[in-house]
Amino acid sequence: QVQLVESGGGLVQAGGSLRLSCAASGRTFSSYTMGWFRQAPGKEREFVARISRGGGSTSYGDSVKGRFTISRDNAKNTVYLQMNSLKPEDTAVYYCAASAGVVGGERRYDYWGQGTQVTVSS
């Protein structure tokens, strides 16, 4: 069982930056691939970024490439999302999630945080 708690959300002007954190409970954090997702009102959940268990491999959604950076500190059981050059369309609730692996060819995320609100004003 893994519990995830996000923090760092808030209100920021367009062009600004925020860093989200996701703290995980348990001693098996390093065995999970970690991801960030977001969901805006009236829209489907969107993949933002993913980082491998050791941190050596990352991937990003097209809408955030070049602006967001995912990282992790396994000693602190924490994954981060550095968000730069924020745009109003980045406004959403941001969730972190932990994945134990791939099922049926698709990555399955087993645990989710409660989310943190990010609002970008124009």
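Scope of this entry: the structure provided in the associated data block. Because the structure is predicted, anything quoted here is derived from the model rather than measured.

1. Quick look at the state of the cysteines
Here a disulfide denotes one covalent bond, and it connects the sulfur atoms of two cysteines.
And step 1. Going through the model one piece at a time under the given rule, you end up with 1 disulfide.
And step 2. The side chain of Cys 22 participates in a disulfide bridge whose partner is Cys 96; the two sulfur atoms lie 1.9 Å from each other. When the S-S torsion is 45°, as for the bridge of Cys 22 with Cys 96, the disulfide is right-handed. Highlighted residues: Cys 22 in strand β3 (residues 18-24) and Cys 96 in strand β9 (residues 92-103), separated in sequence by 74 residues. With respect to class, Cys 22 is no different from Cys 96; both count as buried.

2. Remarks on the packing of aromatic side chains
And step 1. Under the criterion given, the structure shown has 5 aromatic pairs.
And step 2. When the ring of Phe 37 is compared with that of Trp 112, the centres are 5.0 Å apart and the planes differ by 50°; the resulting orientation is tilted. Remark: Trp 112 occurs in strand β10 (residues 106-112) and Phe 37 occurs in strand β4 (residues 33-39); sequence separation between them is 75 residues.
And step 3. Exposure remark for Phe 37: the relative accessible area of 9% places this residue in the buried category.
And step 4. On the numbers, 6.0 Å between centres and 55° between planes, the contact of Tyr 109 with Trp 112 is tilted.
And step 5. The class of Tyr 109 is buried, set by a relative accessible area of 14%.
And step 6. What links up through ring pairs into an aromatic cluster is the set Phe 37, Phe 47, Tyr 109 and Trp 112.
And step 7. Over the aromatic face of Phe 37 sits the side chain of Arg 45, whose NZ or CZ is 5.7 Å from the ring centroid.
And step 8. Across from the ring centre of Phe 29, 4.5 Å away, lies the NZ or CZ of Arg 72, which sits over that ring.

Calculation criteria
- Residues numbered from 1 in each chain as written.
- Predicted model: local features only at pLDDT ≥ 70, side-chain atom pairs only at ≥ 80, totals over all residues.
- Heavy atoms only, no water.
- Disulfide = S-S within 2.5 Å.
- Helix = DSSP H or I, 4+ residues; strand = E, 2+ residues; numbered from the N terminus.
- Buried < 20%, exposed > 50% of the residue type's maximum accessible area, 1.4 Å probe, protein only.
- Phe/Tyr/Trp six-rings, centres within 6.5 Å; stacked < 30°, edge-to-face > 60°.
- Lys NZ or Arg CZ within 6 Å of the ring centre and 35° of its normal.

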